[in-house]
Amino acid sequence: MWSWDFTFKILPQLLDTLWITISATIAAFAVAMIGGLILAFARRSTFRLLSWVTYAFIEFIRTTPPLVQLYVIFYVLPRYGLSLSPFTAGVIGLGIHYSTYLSEVYRAGIDSVPRGQWEAATALNFSPLQKWKTIILPQAIRPVVPVMGNYLIVMLKETPMLSAITLVELLGRAQIIGSNTFRYLEPITLVGLFFLVLSYSASRLVIRLEKRMNINHHGKMDAAA
Amino acid sequence: MRRLKRNRVGHLISKGSERVSEMTENNHVAVAEAPQSNQEQTEPIVRYRKVSKSFGDNQVLKEVDFDLYPGERVAVIGPSGSGKTTMARLLMTLEKPTSGTIEVDGRQLWHKEVKGKLVPADEKHLHEVRGDIGMVFQHFHLFPHMNILKNVSVAPIKVLGLSKEEAEERAKTMLDKVGMSDKLEAYPANLSGGQQQRVAIARALVMRPKVMLFDEPTSALDPELVGEVLDVIKEIAAEGEMAMMLITHEMSFARDVADRIVFFDEGRIIEQGRPEQIFTAPKTDRLQEFLKRFELNGSSS
Amino acid sequence: MFLRTSLYYQAFDGGVIPISVYAQIFPQLLEGAFVTIQLLILSAILGFLLSFLGGIGRLSRIDPIRWISGFFVEFLRGTSLLVQLFWLFYALPLLGIKLAPGLAGILALSLNYGAYGSEVVRGAIQSIPKGQTEAAIALNMTPRQQMWHVILPQAFRTMLPSFGNLFIELLKGTALVSLITIPDMTFEASAMRTNIEANTPEIFTLLLLMYFVIGYPLTLATRWLERRFSVGRL
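Cut-offs applied
Residues numbered from 1 in each chain as written. Chains lettered and ligands numbered in written order. Predicted model: local features only at pLDDT ≥ 70, side-chain atom pairs only at ≥ 80, totals over all residues. Heavy atoms only, no water. UniProt positions renumbered as here; feature names shortened; annotations may be inferred. Pairing = 2+ DSSP bridges. Helix = DSSP H or I, 4+ residues; strand = E, 2+ residues; numbered from the N terminus. Axes fitted to C-alpha atoms, helices over the stretch in contact; angles between N-to-C directions. Contact = heavy atoms within 4.5 Å. Buried area = accessible area lost by both parts, 1.4 Å probe. Salt bridge = Lys/Arg side-chain N within 4 Å of Asp/Glu carboxyl O. Polar contact = N/O pair within 3.5 Å; in protein donor to acceptor, adjacent residues only side chain to side chain.

Chain A is annotated in an unreviewed UniProt entry as Ectoine/hydroxyectoine ABC transporter permease subunit EhuD from Marinithermofilum abyssi. Taken verbatim from the UniProt record of chain A, the Sequence similarities (unreviewed entry) comment is "Belongs to the binding-protein-dependent transport system permease family." According to the UniProt record, the Subcellular location (unreviewed entry) comment for chain A reads "Cell membrane".

In structure tokens, the structure reads:
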């Protein structure tokens, strides 16, 4: 059933695609971070139409499957002259989908900044940009960093979906190996184990980050007191 | 009579415990006069022997011996952290003693006898023995998803196996006793703290325990609500059916209600005796100091 | 239906597209929609049960039960849904167990979302104050009675909004089963795309809309539950 010879033979091939999975995750996460921030601001806009359109966009994207959104980007956009590589399409698709989640995370962070901070910034006559950059965002992002870390892990586990738009990442490679050799057991099991190791170590990292931030935060509070 | 009691302990427990009871006697001689004579005629309903409890490195009870007699009302006083709440929680089986034994109505609570030896009790054994005990908590702990009638009738139905009608009848009688019979349909969230605590008392009473534990029942209440709860407890105490262990900071209440006052400090019983003796002629420095502090703080609860 | 010929053109992204295309796509997608909804409901029921099994199992006082449920939950959460789906569909037959695609799909979805659900159950149970258990013990309830009459009824209210969110995630997850040949909505759309490639935009537009029509009421219901149960403890 399980062949160790075969396992060791395909291991290098799978490891080769590991970095594609990782870089797709990180790139998509970067898109989601920036996109999320833009959506969070647009949602807060006093310009009603912009705020409303953003709201509708977020609701729509969050309610529909990312796989279908990837299909739209990969198969539909080329008909309007925008052809993207599987990697780029995947990064943008996953990034946009999760930007709607991260916009909520930013919102929660911004809401957690005490009113007094806004008033103090106004009292010091900061410009709106300065106010956001130096006072509000640093305080808003700090408490939500662990939540963002968790979304990074969620996105990692979504990347196998990119094989559906022909990106040869871990699962895509496993499938190719499987259809060439008719042996699916070893490659897919290995891919599962890779994800287990990656997401487990990432979640350890997030927990450590969370602890360190708490310590720093308290340190800061003490200094302020 | 006391001799007889001791023999029974010795025969129930192993040889090691024979020494326990001897030490108990020493303790009684050293610390305080024996409790009231009339209660000496009967067997204690609760018997702590050499009970210790540690949380990590922190030893909150240190080889405590303590007897509670049927119908006796004992007020336990002492500074916070002295171990008095732990005394009650061990008896209610909310915490497990680190060492020592507790007997309830002649049966071991935390141990059961297998071939003459005491082994740690399992859940089934605890279930059998703890039916004799009831408890009222500092923070009431009513069930927020049940209305008042359900709060009081759920255990009679599920635990005692009464019919719904019978259980609700009993519950209504108890709620009437604590003056809450007009709020049967209300939910805990809509009641004041004092009302919630009165319901909690009814909920414990409806199980007809032989021993009732009150763990600082008024400490979480606003000052103006303390009176109504104390009145209810006094009324129950006056009936004199149950043994009661009242852990409290309300000194005048303790003096009015209790047959005996037990003063705890640093995990030990330092002094015990009749209320008039404890409050008017405390023997130990620590109790004197404690009572003095209390007078200074006045009505602090 | 006679309108099909008269309402021939409609504006679409600056281009001009015959409306009849939609009339051609829609019935096939609708067929897929029934499969999607069946998958959704069956996996939700099974996943819901697994959530309680896993969540309560992880809080068990019996060590092996706690370890086993902890291992399963962490394993299922740590590996990816699509990988699990492929494993059941492609790898398991090589171990001599061949599941029908539909069964593999339902199993993967309910196991994966059940694992997330068990964290919801566990968190909700742990959020109930310790005093509630203590009061139940003081009334001499058995552990089972404590759980059933005191803890779960309270915890369930806390769980509802999270379950609502998971339900929406599950709906989106069902699209993945198209990749193991289950003819759900997304599968039908992909199949049509290869047949009538020219109409790719219409196919996927309608597909997205159909997911939205199924999913958005779930979103609204979840919000309602959130408001309802965050107002106060009743």
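That was the structure; now back to the text.
Engineer: What should I look at first to understand the sheet that holds strand E3 (residues 73–77) of chain B in this one?
Structural biologist: The pairing of strands in a sheet comes from backbone hydrogen bonds and takes either a parallel or an antiparallel form. Residue and element names in this part refer to chain B. If you walk across this open sheet you meet the six strands as E8-E9-E10-E3-E11-E12, and the pairing is mixed. Single-partner strands in this sheet number two, and they are strand E8 (133–136) and strand E12 (268–273). Shown here is a sheet whose adjacent strand axes are inclined to one another by a mean of 20°, direction ignored. The sheet strands contacting helix H4 (residues 84–91) are E3, E8, strand E9 (211–215), strand E10 (243–247) and strand E11 (260–265), and the helix crosses E10 at an angle near 145°. Taken strand by strand, helix H9 (residues 223–239) contacts E3, E9 and E10, and its axis lies near 150° from that of E10.

Engineer: I'm lost on the interface of chain C and chain A in this one. Help?
Structural biologist: Reports often express the size of an interface as the amount of accessible area lost when the parts come together. Tallying the contact residues gives 42 residues for chain C and 38 residues for chain A. Both sides of the chain C and chain A interface together cover about 3400 Å² of buried area, and 72% of this is carbon and sulfur. Considering only the side of chain C, the residues that lose the most area to chain A are Val83(C), Lys172(C) and Leu208(C), jointly responsible for 17% of the buried surface there. For the pair chain C and chain A, the interface holds one salt bridge. Across the chain C-chain A interface, the total number found is 12 residue pairs in polar contact (both at pLDDT 80 or more). At the level of elements, helix H3 (63–78), helix H4 (81–91), helix H7 (143–174), helix H8 (185–195) and helix H9 (200–230) of chain C are the ones that each hand at least two residues to the side of chain C that touches chain A.

Engineer: Please clarify how the interface of chain C and chain B should be interpreted in this entry.
Structural biologist: Contact with chain C, which involves 22 residues of that partner, is made by 26 residues of chain B. Between chain C and chain B, the buried area comes to about 2000 Å², and carbon and sulfur atoms account for 64% of it. Our count for the chain C to chain B interface comes out at one salt bridge. A salt bridge links Arg89(B) to Glu134(C); the shortest N-O distance between them is 2.5 Å. Across the chain C-chain B interface, the total number found is six residue pairs in polar contact (both at pLDDT 80 or more). Those elements that provide at least two residues to the side of chain C that touches chain B are helix H6 (130–138) and H7 of chain C. No other element matches H6(C), which puts eight residues into the side of chain C that touches chain B.

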